[in-house]
Protein chains: 2
Amino acid sequence: MAPIRNARQIFNEIPTDYPVPGRTVVYDTSQAIDLESVPLHGGILLKTLVLSIDPYLRSRMRDMNIKSYMPAFQLGEPLQNFGVGVVVRSENPAFKAGEYVYGVLPFEEYSVHTQVEDLYKIENNHNLPLSAFVGTVGMPGQTAYCAWKEYAQAKKGEVAFITTGAGAVGSFVIQLAKRDGLKVIASAGSDEKVAFMKEIGADVAFNYKTTNTSQVLEKEGPIDVYWDNVGGEALEAALGAAAKNARFIECGMISQYNVKPYPVMNLMNIVGREIKIYGFIMLSLLPKYRDAFYAEVPALITSGELKLCKEDVSKGLESAGEAILAVQKGTNTGKSVIIVADQ
Amino acid sequence: MAPIRNARQIFNEIPTDYPVPGRTVVYDTSQAIDLESVPLHGGILLKTLVLSIDPYLRSRMRDMNIKSYMPAFQLGEPLQNFGVGVVVRSENPAFKAGEYVYGVLPFEEYSVHTQVEDLYKIENNHNLPLSAFVGTVGMPGQTAYCAWKEYAQAKKGEVAFITTGAGAVGSFVIQLAKRDGLKVIASAGSDEKVAFMKEIGADVAFNYKTTNTSQVLEKEGPIDVYWDNVGGEALEAALGAAAKNARFIECGMISQYNVKPYPVMNLMNIVGREIKIYGFIMLSLLPKYRDAFYAEVPALITSGELKLCKEDVSKGLESAGEAILAVQKGTNTGKSVIIVADQ
């Protein structure tokens, strides 16, 4: 069989603020691959089907000398993120051609993996769409599930405030909070997202672009649990509306990744209100919760008790640059996924 | 017996920034008390011997409509704080004349207490100076002891950074950290305080007014435990030098009480470094640790294993206004105490 195209999305330039499609990341079609003869060295050859576009990717687009929780992307090399692939060929007895795999994949149409420890076979007994495995049943869902269980200390009747509540993480957190009997206040950046948050159970849902967050929390709070995906002004509003002994789950600060940080002025409330703030990375919690997650979550989706978040689907690897920017700007209308190939 | 003077320090005006001696608090000698005939209504009459001046008092000098963890001082009424008194007369069988008592006392030379639930008799088997009972053996010591035990999760070989390390709280925390086998970095605002911090065991001690905190932490960190008494720039430096999974114990933010808050710009590190931040009020932790505290701490002082902090002693209730300002500015040279009367 003749070599075929193996397109890639290359990390080309460190952005100074928002990533620029075609410059921060460049689509490259110069490579080819022979699927039958490419050496596997005992590993597996994957065809990439789905790639996830997540907010945290911005933090990896940095100078390699700046340490952080995830390694920086290497200039000139493909991006990487959670995705789903199908096994084309395998020299590893644990994997067979045609099986689906979830894990961190390079932004390439095909890739060879000799290290397979962090690749998980997707059993999919519940017949979910493959894209769910990078959303509610993947990294974002695990983020919501693990941290809520670990840090929320939720008590029936308490009040939770959840930011980016229409996203893959936030929409799951809303539903977890409701299952625990909390009153849920949720925010997002469009009226369509507000409608979706109400649909999945938020008691109070508002568009933070047209409604003042502090005023909502003043009226509907004080809040016992704050799920922070945005930082900045929302964090300040939450600190201002925090109940005594509130728990703040610090999942991300999307409002701060691309611009000059917002100066939060009421950190003193941490002391007086005895607030506990939990910064975390999902991968640190996952080993403790992985089995429970896979035992519980797919079944809840099948039974209809847990709703999948909406998806913002882009077709083809070439669309990654625009999708990355949309997620940083919040103009995506659901969990951003790239369908690299249909099968 | 004829009535005698019962001088008081009255809360007179809410300060806009630093408290102003003679204006924020006014010394008033217009009242008299007859020690033999003043009605006790089943309570006790105390002569005030020692009053503590603590940083947190500033937070009580506010509009009564602003809720906070401690009630606001009432305008026209005496201040209150932890102190030591001696029983002059008692109608309560649990207290006898001549016994020493620790608790929250009004800023008056004499006071009648009908509510005695929160007054504790000082046994003082270890023959400590009475002023120690508002310092290392009182509220500040309990603050250090309870929160360190509850939140530090200290592991031998880790690194701690402790602010206001020459004060009543900080000096105890330095010694607790050393007892747990940590490397201790400590800061304070004068060279004399730096010398004292070294004397009690700090491995690295520096004057934050003449030495850049971030540079010290860059060289001597990263830090696993941060004891925050100051907030603002020090908190920002600690966030910048935090190790993965660092614990931040938020005891106070003295740098932020009297001025426009400092904009901390690197809150994002909370997420990436999985930092846990514990705001607390000592009184919430004390019930859990009180017995252990009194069993352990006085004995450690007597044996010389735990050094008392230095004291900045003012004589006479009239000195309270200046002492309050000094503690807010940090110009005191040790735990600030007012010796209201010798006996």
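- The name recorded for chain A in an unreviewed UniProt entry is Alcohol dehydrogenase, from Boletus edulis BED1.

### Brief notes about the overall build of chain A
And then number 1: Within chain A, the regular secondary structure consists of nine helices and 17 strands.
And then number 2: Overall, the C-alpha framework of chain A stretches about 65 × 45 × 35 Å when taken along its three principal axes.
And then number 3: For chain A, buried positions account for 59% of its 343 residues.
And then number 4: Excluding contacts between residues fewer than 6 apart, the proportion of contacts in chain A whose partners are at least 24 apart in sequence is 69%.
And then number 5: Placing the 33 positive and 38 negative side-chain charges of chain A at their respective mean positions leaves the two points 5 Å apart.

### Describing unusual backbone geometry
And then number 1: Cis rather than trans, the peptide bond between A:Gly221 and A:Pro222 has omega equal to 0 degrees.
And then number 2: Even without being a glycine, A:Asn127 presents a positive backbone phi close to 55 degrees.
And then number 3: With respect to the helices and strands, A:Asn127 occurs in the loop between strand 9 (120-121) and helix 2 (139-151).
And then number 4: One non-glycine residue with positive phi stands out, namely B:Asn245, at about 65 degrees.
And then number 5: Assignment of secondary structure puts B:Asn245 in strand 14 (residues 242-250).

### Regarding the relation of the copies chain A and chain B
And then number 1: Of the transformation placing chain A onto chain B, the axial shift is 0.0 Å and the rotation is 180 degrees, giving an RMSD of 0.1 Å. On this basis, the relationship between the two copies can be described by a two-fold rotation axis.
And then number 2: Comparing interface residues between copies, 97% of those in chain A also sit at the interface in chain B, which points to an isologous, same-surface contact.

### Thoughts on the interface of chain A and chain B
And then number 1: Across the boundary between the two partners, chain A contributes 30 residues, which contact 29 residues of chain B.
And then number 2: Overall, the association of chain A and chain B removes approximately 2400 Å² of surface from exposure, summing both partners, and the carbon and sulfur fraction of that is 70%.
And then number 3: Area buried by chain A at its contact with chain B is led by A:Met265, A:Met268 and A:Val271, which between them contribute 23% of it.
And then number 4: Inspection of the chain A/chain B interface yields nine residue pairs in polar contact (both at pLDDT 80 or more).
And then number 5: Listed by contribution, the elements that provide at least two residues to the side of chain A that touches chain B are strand 14 (242-250), helix 7 (269-272) and strand 15 (276-279) of chain A.
And then number 6: The biggest single contributor to the side of chain A that touches chain B is strand 15 of chain A, with four residues.
And then number 7: Of the residues that constitute the side of chain A that touches chain B, the class distribution is 20 nonpolar, five polar and five charged.
And then number 8: Pairing of strand 15 of chain A with strand 15 (residues 276-279) of chain B involves three bridges; the strand directions are antiparallel. The partner of A:Lys276 across the bridge, within strand 15 of chain B, is B:Tyr278.

### Description of the environment of A:Val26
Residues and elements named next belong to chain A.
And then number 1: Inspection of the secondary structure puts Val 26 in strand 3 (residues 25-28).
And then number 2: Considered as a pair, Val 26 and Asn 92 are 66 residues apart in the sequence and their alpha carbons are 32 Å apart.
And then number 3: Not counting chain neighbours up to four residues away, the residues in contact with Val 26 comprise Arg 8, Gln 9, Ile 10 and Asn 12.

Reading guide: rules and limits
- Residues numbered from 1 in each chain as written.
- Chains lettered and ligands numbered in written order.
- Predicted model: local features only at pLDDT ≥ 70, side-chain atom pairs only at ≥ 80, totals over all residues.
- Heavy atoms only, no water.
- Helix = DSSP H or I, 4+ residues; strand = E, 2+ residues; numbered from the N terminus.
- Buried < 20%, exposed > 50% of the residue type's maximum accessible area, 1.4 Å probe, protein only.
- Contact = heavy atoms within 4.5 Å.
- Lys, Arg positive; Asp, Glu negative; His and termini not counted.
- Charge placed at Lys NZ, Arg CZ, Asp CG, Glu CD.
- Least-squares fit on C-alpha atoms with pLDDT ≥ 70 in both.
- Buried area = accessible area lost by both parts, 1.4 Å probe.
- Polar contact = N/O pair within 3.5 Å; in protein donor to acceptor, adjacent residues only side chain to side chain.
- Nonpolar A, V, L, I, M, F, W, Y, C, P; charged D, E, K, R; others polar.
- Pairing = 2+ DSSP bridges.

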